[in-house]
Amino acid sequence: MTDLVNGPDGLPRCAWGASTPDYAVYHDEEWGRPLRGDDALYERLTLEAFQSGLSWLTILRKRQAFRDAFAGFRIESVARYGESDVARLMADAGIVRNRAKIEAAIANARAASVLPEGLSALLGSFAPPARAARPRSFAEVPATSPESAAMAKALKKRGFRFVGPTTAYALMQATGMVDDHLADCHVSGDRPGCDRARHLRRDGIGT
């Protein structure tokens, strides 16, 4: 498989984004687009952590079940979860039943709920300067960056779990803090995601 492929609609995409219909929708409509809102970013942070060691496609296909299980990823709601909720989640076949990840998701909600600046502002503060150009191939796309390492360190210092530099970089890719669509990908490259990510505020949820 080449790094860039034409989909059934004739549009060039990053190869992973053309591999399944689920990926095509996620690649075209969501991945790399700047995201605002503490709850929305908590959802992405949680799903990236659950993805660790698994296929992202698995998480995408379970996403609605995760939303149902975690109160729509409302930080204040999940922060109040207790042992009975852990037991409930461990019995929920619709999600990934990993106790360490479930407990981390709850701990992360509690940590996010007490951030003075809010989760959006904290994460956005690690957005790197815009690249001069998009990567030409997957070989130019890193797994981590100095900024993702700094983000992970800052999150851990504030009590977050399951957020290492690799997970942090995947979050940055997914939420538009970096633009890792390949140079000739049809998804618009005129959205300076990192510039907008620097101005994330606690004023809404969504893209």
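Owing to the predicted nature of the structure, the values given are computational and were not obtained by experimental measurement.

**Q** Outline empty space enclosed by the protein, listing residues and values.
**A** Taken as a whole and assessed by the stated rule, the structure comprises one cavity of 30 Å³ or more. Of the pockets and cavities examined, the largest cavity occupies roughly 30 Å³. Surrounding the largest cavity, Thr46, Ala49, Phe50, Lys101, Ala104, Ala105 and Asn108 form its lining. At the level of secondary structure, the elements contributing two or more residues to the lining of the largest cavity comprise helix 2 (38-51) and helix 7 (99-113). If one sorts the elements of the lining of the largest cavity by residue count, helix 7 sits on top with four residues. Class assignment of the residues belonging to the lining of the largest cavity gives a composition of four nonpolar, two polar and one charged.

**Q** Quick rundown of the packing of aromatic side chains? Include the residues and the values.
**A** Applying the stated criterion across every chain, the model contains ten aromatic pairs. For the ring pair Trp16 and Tyr23, a centre distance of 5.6 Å and an interplane angle of 90° mean the geometry is edge-to-face. Here the aromatic residues Tyr42, Phe50, Phe66, Phe70, Phe73 and Tyr81 are joined through ring pairs into a cluster of three or more. Over the ring of Tyr81 we find Arg88, and its NZ or CZ is 5.2 Å from the ring centre.

**Q** Please set out the nonpolar core residue by residue, giving values where relevant.
**A** Of all hydrophobic cores here, the largest spans 52 residues; its most connected members are Phe66, Phe70 and Met151. Once you skip the residues sitting within four places of it in the chain, Phe66 turns out to touch Leu47, Phe50, Ile59, Phe73, Ile95 and Val96.

**Q** Could you give an account of the pattern of salt bridges, with specific residues and numbers?
**A** Taken as a whole, this structure holds twelve salt bridges when the rule is applied. The partner of Glu43 in a salt bridge is Arg63, and the shortest N-O contact between them spans 3.0 Å. With Glu43 in helix 2 and Arg63 in helix 4 (residues 63-69), the pair connects residues that are 20 residues apart, well separated along the chain. Arg63 shares its class with Glu43; the two are buried. Connected through salt bridges with shared partners, the residues Glu30, Glu43, Arg44, Arg63 and Arg67 form a single ionic network.

Criteria and cut-off values
- Residues numbered from 1 in each chain as written.
- Predicted model: local features only at pLDDT ≥ 70, side-chain atom pairs only at ≥ 80, totals over all residues.
- Heavy atoms only, no water.
- 1 Å grid on protein atoms, 1.4 Å probe; cavity = no way out; pocket = protein on both sides within 12 Å on 5 of 7 lines; lining within 4 Å.
- Points joined across faces, edges and corners; volume = space filled by probe spheres on them.
- Helix = DSSP H or I, 4+ residues; strand = E, 2+ residues; numbered from the N terminus.
- Nonpolar A, V, L, I, M, F, W, Y, C, P; charged D, E, K, R; others polar.
- Phe/Tyr/Trp six-rings, centres within 6.5 Å; stacked < 30°, edge-to-face > 60°.
- Lys NZ or Arg CZ within 6 Å of the ring centre and 35° of its normal.
- Core = buried A, V, L, I, M, F, W, Y, C linked by side-chain atoms within 4.5 Å.
- Buried < 20%, exposed > 50% of the residue type's maximum accessible area, 1.4 Å probe, protein only.
- Contact = heavy atoms within 4.5 Å.
- Salt bridge = Lys/Arg side-chain N within 4 Å of Asp/Glu carboxyl O.

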